[in-house]
Protein chains: 2
Amino acid sequence: MTERLKMAAVGGGVIGGGWIARFLLSGHDVAVFDPHPDARRIIGDVIAGAERAWHRLFDQPLPPRGTLTFHDGLEAAVAGADWVQESVPETLEIKHAVLSAIAGAAPAHALIGSSTSGFKPSDLHAGIAKPARVFVAHPFNPVYLLPLVELVAGPANDDGILEDAERVLARVGMKGLKVRAEIDAHIADRLLEAVWREGLWLVNDGIATTAEIDDAIRYGFGLRWAQMGLFETYRIAGGEAGMTHFIEQFGPALKWPWTKLMDVPELTPELAAEIGRQSDEQSGLHDLRTLERIRDDNLVGFLRVLRENDWGAGQSVAEMSETLRGVVDDAPRADTTPLRLHEVTVPQSWLDYNGHMTEHRYLQVMGDATDAFLAHVGMDAGYRAAGRSVYTVETHIRHLDEVAGDARLAVETLVLGADAKRLRLFHRILDGERVVATGEHMLMHVDTAAGRASPFDAPLSDRIAALAARHSAEPLPDGAGGAIRAIARAPAAAEARG
Amino acid sequence: MTERLKMAAVGGGVIGGGWIARFLLSGHDVAVFDPHPDARRIIGDVIAGAERAWHRLFDQPLPPRGTLTFHDGLEAAVAGADWVQESVPETLEIKHAVLSAIAGAAPAHALIGSSTSGFKPSDLHAGIAKPARVFVAHPFNPVYLLPLVELVAGPANDDGILEDAERVLARVGMKGLKVRAEIDAHIADRLLEAVWREGLWLVNDGIATTAEIDDAIRYGFGLRWAQMGLFETYRIAGGEAGMTHFIEQFGPALKWPWTKLMDVPELTPELAAEIGRQSDEQSGLHDLRTLERIRDDNLVGFLRVLRENDWGAGQSVAEMSETLRGVVDDAPRADTTPLRLHEVTVPQSWLDYNGHMTEHRYLQVMGDATDAFLAHVGMDAGYRAAGRSVYTVETHIRHLDEVAGDARLAVETLVLGADAKRLRLFHRILDGERVVATGEHMLMHVDTAAGRASPFDAPLSDRIAALAARHSAEPLPDGAGGAIRAIARAPAAAEARG
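A brief report on the enclosed structure follows.

Definitions and cut-offs
- Residues numbered from 1 in each chain as written.
- Chains lettered and ligands numbered in written order.
- Predicted model: local features only at pLDDT ≥ 70, side-chain atom pairs only at ≥ 80, totals over all residues.
- Heavy atoms only, no water.
- Helix = DSSP H or I, 4+ residues; strand = E, 2+ residues; numbered from the N terminus.
- Buried < 20%, exposed > 50% of the residue type's maximum accessible area, 1.4 Å probe, protein only.
- Contact = heavy atoms within 4.5 Å.
- Areas by Shrake-Rupley, 256 points an atom, 1.4 Å probe, with all protein chains shown as cover.
- Pairing = 2+ DSSP bridges.
- Axes fitted to C-alpha atoms, helices over the stretch in contact; angles between N-to-C directions.
- Least-squares fit on C-alpha atoms with pLDDT ≥ 70 in both.
- Phe/Tyr/Trp six-rings, centres within 6.5 Å; stacked < 30°, edge-to-face > 60°.
- Lys NZ or Arg CZ within 6 Å of the ring centre and 35° of its normal.
- Buried area = accessible area lost by both parts, 1.4 Å probe.
- Salt bridge = Lys/Arg side-chain N within 4 Å of Asp/Glu carboxyl O.
- Polar contact = N/O pair within 3.5 Å; in protein donor to acceptor, adjacent residues only side chain to side chain.
- Nonpolar A, V, L, I, M, F, W, Y, C, P; charged D, E, K, R; others polar.

**Describing the overall build of chain A**
Looking only at helices and strands, one finds 17 helices and 14 strands in chain A. Dimensions along the principal axes, computed over C-alpha positions, put chain A at roughly 80 × 60 × 55 Å. Counting every position in chain A, which comprises 498 residues, the buried fraction comes to 58%. Summarising the internal contacts of chain A: among those between residues at least 6 apart in sequence, 72% fall at separations of at least 24. Accessible surface for chain A amounts to roughly 18300 Å². Of this, 52% is attributable to carbon and sulfur atoms.

Quick look at the structure:
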């Protein structure tokens, strides 16, 4: 079930690198063929960015990275591959040559995806001797965060190939969207190209600058489209009258004079230079690395919101989180004392105006560690579905040190005591060697239907008792059992001025 | 500075209602003229949805709502208005009639915005006797959440009118985008219309269903556009070579065959019905109210992410939050004992798998109450900029009861003690009459540059001392000074089975 895949990437770069990062971070092995002299550096940069983003996105231990190998020849890279992804430049001749070589060298069962944003499968197949396993798998940048992959097959393809591709993609957190018929540019790039064309006209005619066009998107309909598309948005706008009525009303507008700008503006060197100049003015404040990080932090935030709301792309993230947990749970985990069950990288969005991790995020880390503990002793969806749960009734936190953004936090956990219905846990949050906080928590096992405390059921009862017995040999940790002390009624103001 | 505006809305409905809600929730008065028999109900629904969303978006007390009045005549509604917003159906004859009446009746200083999505200001001016104050102010649905307003003027307008409009819009959290030249459909609807045209073709030709097109958007580029637009996204994709080079490379694709579908598909009744059918299949699971709530929850989440990351539309939210605080701070606030300085409505995203507010959100509410307390005693941006801050060093929480989504929580705060450098606060979180949690917190005043504890400066020192003295008359609250007790080492497993 969690068998490791072997992925071969032909062509690195931004898109190929994104594919590589997804497979590696999901615990699968990747073999790369890319003759570009800087391929290793470029791919390494993409993986580093992807790993940073995934730690923020998933808040859970990631599986051990798969093995990354670089090969001097295409044949060596694709040997034994389950999935080969081609991400070479968008020129039909190059695609034909590379895909022919891949189809000739790859195992018979291999899925061979092309990252082409424009070519139809039939275009690709026309120049290949063995086209049956080659299909379009078109991703979106950044590939390690955006789930969408457009999947397109042609008449020469094996039956069911896209369904197989969909299953593999789900294992790396991607959503395969099967396109019903081949057309140039598939679906998304048709829409994008239409917007691009209008955007170029607006700049060309001096109606708006690149920054103004971008603002028209991201302060308005762009926010809508991160969660609902064109049609669902309009369905809501249409109101009670219904979608068919809305379309009938909206239809005439398509014939209005504002459809007159249908042609492509002449892309003169002057227009290209003007767009470059406006873009510098708009975005030149930040270098590319910074822009990428800003973009990724925003995307991670959106994906977390959607996951919390169980909607759209957030569902891909939730499923991938379960997949990752499965991979990690299959890995042997030392049952150490204290337990180490939870790690997290601190996102920038957790920082307060002082630039430090804000107060309640300490408790969030502790709460996640408690959840990891409960999972460790056997509390799973089935246990909860039976109407059993655990509530925190009391918490004592000592904030001992500041935590900066990007810090990698690990939690050590001790069972300080347990009885039939209660559990006393102690967490230490570590930033490297530094203890940055301790948390002591009294938890109560409850029968949620009856709405009252109830004894832990097996297997939790046994496992907690065993851990409590083992951990009782440890000295009581610093800060356990503490209370907040009274402050003597000194005249604060007077002393402050003294 | 926080003088109340009078806004007049001519035309309610979804768009007009959104404008009304924005002004009301920002503390300004609104007079409505809308002859629609259901106008009050429709507007009331929009305001209720908007208020729910704003409580989740801002996490702070909102100012008292402005006064809402309904009028039987347009003249009565616009009398004395600072801003009049016209949101009547998109027909030039109707716009001319209504805008003429408004321009004739409104005060000379009034700004008169039209919500038109397609007409140029000159189109509107052509049928009006007094056009100088009438301009395009085109918002985006939901108007109470999306900040964008396209502002367009024509030759007949007063100089500087759009700058005046921009300033008023900023007071209700909106971002006015001044369009440099009049064109049909301004900027955003040009882009939207292009996508709409392509989308209709894709459905018409059976390439994709409405749900598939929406997925192609919201699992892919839609996520990008909620934070960066077309050009900034491509700038990153273009990499080190620069934007001008990227454009030159991208340019030829515009001439590819995929630009062939330029015409508008024939909007036959069959196509309209087919889109209606597909939309039902895609979204019919949820009724419109539910879809609106899902949409708003997602948008609120994105806007909060962007605010935390200080980016894009989040900056509008942050500025509006300051504006709202200013309005609230100007309102007389009873200096009660205990203090009541913080309220919040619990978003769905704060709930755990049990459907209750998750553990660390209790501490978030307490932390926000602590911030509100510190602001109350005079800690402002200037105080912090001087290198002074307050850190929490210890916290004791008792979780006493569950909290459901949409609950309106209020916090009562007592000063249990203070000395020169320390402050002991006690918060009770109330859900109506129920105390759902208490929090006791030891805070330390620090000199952030020196990195060590330091005495509170004025005015905090005086105000804290005064509150400490006053609150010392209160009995020590239940739970103060408590610690987590040890659990006797009973054999948990044995008892659980007994």
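Next comes the rest of the account.
**Quick look at the sheet that holds strand β5 (residues 111-114) of chain A**
Across a sheet, strands are paired by hydrogen bonds formed along the backbone, either parallel or antiparallel in direction. Residue and element names in this part refer to chain A. Ordered in space as β3-β2-β1-β4-β5-β6-β7-β8, the 8 strands form an open sheet in which the pairing is mixed. In this open sheet, the two strands that pair with only one neighbour each are β3 (68-70) and β8 (175-178). Averaged over all adjacent pairs, the angle separating strand axes in this sheet is 25°, with direction ignored. With 3 bridges joining them, β5 and strand β6 (residues 134-139) adopt parallel strand pairing. Note that in β6 the partner of Gly-113 across the bridge is Phe-135.

**A short note on the sheet that holds strand β3 (residues 68-70) of chain B**
All names here are of chain B. With respect to topology, 8 strands assemble into an open sheet ordered β3-β2-β1-β4-β5-β6-β7-β8, the strand pairing being mixed. This sheet does not close on itself; its edge strands, each paired only once, are β3 and β8 (175-178). With direction set aside, neighbouring strand axes in the sheet form an average angle of 25°. Relative to β3, strand β2 (residues 29-33) runs parallel, the two being bridged by 3 bridges. Across the sheet, Val-30 pairs through a bridge with Leu-68, a residue of β3.

**A closer look at the relation of the copies chain B and chain A**
Between chain B and chain A, which share one sequence, the superposing operator has a rotation angle of 180° and an axial displacement of 0.0 Å; the RMSD is 0.1 Å. Such a combination of turn and shift is consistent with a two-fold rotation axis. Comparing contact sets, 100% of the residues at the interface of chain B also lie at the interface in chain A, consistent with an isologous, same-surface contact.

**Considerations on unusual backbone geometry**
Residue Pro-142 of chain A is bonded to the preceding Asn-141 of chain A through a cis peptide linkage, with omega at -5°. Its location among the elements puts Pro-142 of chain A in the loop between β6 and β7 (148-152). Geometrically, the link from Thr-337 of chain B to Pro-338 of chain B is a cis peptide bond, its omega value of -10° lying close to zero. Take Pro-338 of chain B: it is sitting in the loop between α13 (313-330) and β9 (339-345). Backbone geometry at Asp-310 of chain B places phi at a positive 55°, although glycine is not the residue there. Position of Asp-310 of chain B among the secondary structure elements: in the loop between α12 (288-308) and α13. A residue is classified by how much of its surface remains accessible, and Asp-310 of chain B, at 51% relative accessible area, is exposed. Of note in the backbone geometry, Asp-406 of chain B takes a positive phi value of approximately 70° without being a glycine. Classification of Asp-406 of chain B as partly exposed rests on a relative accessible area of 35%.

**Things to note about the environment of Val-317 of chain A**
Residues and elements named next belong to chain A. Of note, Val-317 is situated in helix α13 (residues 313-330). Since its relative accessible area comes to 5%, Val-317 is described here as buried. Residues Val-317 and Met-174, spaced 143 residues apart in sequence, show a C-alpha to C-alpha distance of 8.6 Å. Contact partners of Val-317, with chain neighbours within four places excluded, come to Leu-57, Phe-58, Leu-303 and Arg-307.

**With respect to the packing of aromatic side chains**
Taken as a whole, this structure holds 18 aromatic pairs over all chains when the rule is applied. Residues Trp-196 of chain A and Phe-231 of chain B carry aromatic rings whose centres are separated by 5.4 Å and whose planes lie at 45° to one another, so their mutual orientation is tilted. Taken together, the residues Trp-196 of chain A in helix α7 (residues 188-204) and Phe-231 of chain B in helix α9 (residues 230-238) connect one chain to another. By relative accessible area, Phe-231 of chain B is classed as buried at 0%. Taken together, Trp-19, Phe-23, Trp-83 and Phe-135 of chain A form an aromatic cluster joined through their ring pairs. Its guanidinium or amino end placed over the ring of Tyr-219 of chain B, Lys-175 of chain A lies 4.7 Å from that ring's centre, counting from NZ or CZ.

**Here's the deal with the interface of chain B and chain A**
Accessible area lost when the parts come together is the quantity often used to give the size of an interface. With 169 residues of chain B at the interface, the matching set in chain A holds 169 residues. Roughly 16700 Å² is buried in total at the junction of chain B and chain A, and carbon and sulfur atoms are behind 66% of that figure. There are 10 salt bridges connecting chain B and chain A. When the shortest N-O distance is used, the salt bridge between Asp-215 of chain A and Lys-175 of chain B registers 3.9 Å. Summed over the shared surface of chain B and chain A, the result is 43 residue pairs in polar contact (both at pLDDT 80 or more). Of the residues that constitute the side of chain B that touches chain A, the class distribution is 83 nonpolar, 43 polar and 43 charged. Where strand β10 (residues 388-399) of chain A meets strand β10 (residues 388-399) of chain B, 5 bridges bridge the pair, whose relative direction is antiparallel. From the neighbouring strand, Arg-398 of chain A faces β10 of chain B, where its bridge partner is Glu-394 of chain B.

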